[in-house]
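A look at the structure
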Amino acid sequence: MHDEEIRRTIGLLAQDDTLRAFAGLVLGSCDAPDEVLHRLERGGLAVRQDDGGWQARPMRFREILQATAAPTPKLSPEEKVLRTFLGDGRLREMPMKRDKRRIVLQYIVRVFEPGVRYAEKDVNVALRAFHDDYAALRRYLIDEDLLSREDNVYWRSGGPVDL
């Protein structure tokens with residue numbers, strides 16, 4: 001659909017006579033002159049029926065919306081999981097399936113810099129940004145070998161590294 005077609009259709013509704021005629025067709029009581037109805041037809045808002053009567057085509061608006069809609073971006077499987085379980089940067093719920101949970105945990109572990117040692121208090125603060133149950137998150141990260149611990153000192157031991 002071209003911009004000119006869209007402008008023509010919308011422009012018809014900006015004119016009193018065609019707007020009234022379209023409303024009349026929608027409501028089933030149109031007494032507009034044929035010349036006005038033919039303009040609606042050219043704009044895709046009306047169609048002449050076999051019996052000579054006219055019918056509104058409100059689906060024209062759907063056609064315009066579909067023609068002008070931005071394409072939906074193609075998401076990777078990992079992005080789909082993250083969108084499902086994270087909202088506004090916070091974890092809504094921990095996935096029950098291990099593969100999905102692993103994707104979420106690999107995302108979360110990125111807040112920790114490889115090679116840096118963290119006190120437990122600092123780990124808790126970082127994880128609290130994702131979920132109030134930071135202790136459970138910490139355990140999940142350790143169980144998945146994404147975070148290691150010794151003497152209340154933690155370090156990142158797995159997961160992807162951003163370059």
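**Re the overall build of the protein**
- The helix and strand inventory of the protein stands at eight helices and seven strands.
- Taking 15 Å as the expected radius of gyration for a compact globule of 163 residues, we find that the protein reaches 30 Å, considerably beyond that expectation.
- Taken along its principal axes, the extent of the C-alpha atoms in the protein is 90 × 30 × 25 Å.
- Among the 163 residues that make up the protein, the fraction classed as buried is 32%.
- Across the protein, contacts joining residues at least 24 apart in sequence account for 44% of those joining residues at least 6 apart.
- A distance of 4 Å separates the average location of the 27 positive side-chain charges in the protein from that of its 28 negative side-chain charges.

**Focus: the pairing of strand β6 (residues 147-150)**
- With four bridges connecting them, β6 and strand β7 (residues 153-156) associate as antiparallel partners. Directly across from L147, in β7, lies its bridge partner R156.

**A closer look at the pattern of salt bridges**
- Following the criterion strictly, the structure yields nine salt bridges and no others.
- In this structure, R39 engages E35 in a salt bridge whose closest nitrogen and oxygen atoms are separated by 3.6 Å. Taken together, the residues span about one helical turn, with R39 and E35 both in helix α3 (residues 34-42) at a distance of four residues.
- For E35, a relative accessible area of 48% corresponds to the partly exposed category.
- The closest approach of N and O atoms between R138 and E120, which form a salt bridge, is 3.7 Å.

**Some points on the nonpolar core**
- By size, the foremost hydrophobic cluster in this structure holds 21 residues, and its most contacted members are F112, L137 and L141.
- Considering each element in turn, this core owes the most residues, four residues, to helix α6 (residues 98-108).
- With residues up to four places along the chain from it excluded, the contact list for L137 reads L91, M94, L105, I108, L127, F130 and H131.
- Counting residues in each nonpolar core, the second largest holds 12 residues, with L12, L25, V36 and A56 among its members.

**Some details on the packing of helix α7 (residues 120-128) against helix α8 (residues 134-143)**
- Running from N to C, α7 and α8 point in directions that differ by 105 degrees, and their axes come no closer than 9 Å. The angle between α7 and α8 falls in the class roughly perpendicular. Together, E120, V123, N124, L127 and R128 of α7 and Y134, L137, R138 and L141 of α8 make up the contact between the two elements.
- Considered class by class, the residues forming the contact of α7 with α8 number five nonpolar, one polar and three charged.

The rules behind each value
Residues numbered from 1 in each chain as written. Predicted model: local features only at pLDDT ≥ 70, side-chain atom pairs only at ≥ 80, totals over all residues. Heavy atoms only, no water. Helix = DSSP H or I, 4+ residues; strand = E, 2+ residues; numbered from the N terminus. Rg over C-alpha atoms; globule rule 2.2 N^0.38 Å. Buried < 20%, exposed > 50% of the residue type's maximum accessible area, 1.4 Å probe, protein only. Contact = heavy atoms within 4.5 Å. Lys, Arg positive; Asp, Glu negative; His and termini not counted. Charge placed at Lys NZ, Arg CZ, Asp CG, Glu CD. Pairing = 2+ DSSP bridges. Salt bridge = Lys/Arg side-chain N within 4 Å of Asp/Glu carboxyl O. Core = buried A, V, L, I, M, F, W, Y, C linked by side-chain atoms within 4.5 Å. Axes fitted to C-alpha atoms, helices over the stretch in contact; angles between N-to-C directions. Parallel < 35°, antiparallel > 145°, perpendicular 65-115°, else oblique. Nonpolar A, V, L, I, M, F, W, Y, C, P; charged D, E, K, R; others polar.

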